Amino acid sequence: MSARVGIVVFPGTNCELDVAWAVERFGGTPETLWHADAELRGADAVVVPGGFAHGDYLRTGAIARFSPVMEAVARFAAAGGPVVGICNGF
């Protein structure tokens, strides 16, 4: 059984397909999680990719933390679940 890796997608992210490719390349199963989702749908790990197309000056990362999925990511991380943040996702 391969690990299910949730990949959070926000409006403006542009690296989620790269992350999905890497997850598959290393034997995992990518699961796209839309920012408005409130659950991680059984993910074994979570990646918050960066690459926001709107620019850092708009503080997209700071705004993204208010998305419903980030509450689920915070609970997952607090319970010891592995979370990787890339670029603005960090």
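So, how was this worked out
- Residues numbered from 1 in each chain as written.
- Predicted model: local features only at pLDDT ≥ 70, side-chain atom pairs only at ≥ 80, totals over all residues.
- Heavy atoms only, no water.
- pLDDT = per-residue confidence, 0-100.
- Helix = DSSP H or I, 4+ residues; strand = E, 2+ residues; numbered from the N terminus.
- Buried < 20%, exposed > 50% of the residue type's maximum accessible area, 1.4 Å probe, protein only.
- Arc of directions from axis to C-beta.
- Contact = heavy atoms within 4.5 Å.
- Core = buried A, V, L, I, M, F, W, Y, C linked by side-chain atoms within 4.5 Å.
- Pairing = 2+ DSSP bridges.
- Axes fitted to C-alpha atoms, helices over the stretch in contact; angles between N-to-C directions.

Participant: Where do I start with the confidence of the model for the chain in this structure?
Facilitator: A low pLDDT means the predicted coordinates there should not be read in detail. Of all residues in the chain, 84% have pLDDT values of 70 or greater, and the mean over the chain is 88. Of all secondary-structure elements in the chain, the lowest mean pLDDT belongs to helix α2 (residues 60-64), at 73, while strand β2 (residues 29-34) reaches the highest, 97.

Participant: Even after reading the chapter, I still don't get the environment of G81, so can you show me in this structure?
Facilitator: Mapped onto the fold, G81 is located in the loop between α3 (68-78) and β4 (83-85). Along the backbone, G81 and D44 are 37 residues apart, and their C-alpha atoms lie at a distance of 7.2 Å.

Participant: Is there a simple way to think about α3 in this case?
Facilitator: Along an α-helix, residues three or four apart share an orientation, since each turn contains 3.6 residues. Turning to α3, its buried residues are V69, A72, V73 and F76. Taken down its axis, α3 places every buried residue within 100 degrees of arc, on the same side. In α3, the exposed positions angled more than 90 degrees off the buried face are occupied by E71 and A78. On the buried face of α3, the contacting elements are β1 (4-9), β2, β3 (45-48) and β4. Once α3 ends, the next one or two residues include G80, with phi positive near 95 degrees.

Participant: Any chance you could explain the nonpolar core here in plain terms?
Facilitator: In summary, soluble globular proteins display a tendency toward joint burial of nonpolar side chains. Counting 12 residues, the largest nonpolar core is built from V8, F10, L33, L40, A43, V46, V48, A64, V69, A72, V73 and F76. For this core, the elements supplying multiple residues, two or more each, are β3 and α3. Excluding residues within four positions of it along the chain, L33 makes contact with G6, I7, V8, V9, E39, L40, R41 and V69. Counting 7 residues, the second-largest nonpolar core is a separate cluster that includes I7, A20, V23 and A45.

Participant: Please clarify how the sheet that holds β4 should be interpreted in this entry.
Facilitator: On the basis of which strands lie adjacent, the open sheet formed by 4 strands has the order β2-β1-β3-β4 and parallel pairing. Every interior strand has two partners, whereas the edge strands, β2 and β4, have only one. Averaged over all pairs of adjacent strands, the angle between strand axes in this sheet comes to 25 degrees, irrespective of strand direction. With 6 bridges joining them, β1 and β2 adopt parallel strand pairing. Bridging from a neighbouring strand, V5 pairs with P30 of β2. Those strands touched by helix α1 (residues 16-25) are β1, β2 and β3, and its axis lies near 175 degrees from that of β1.

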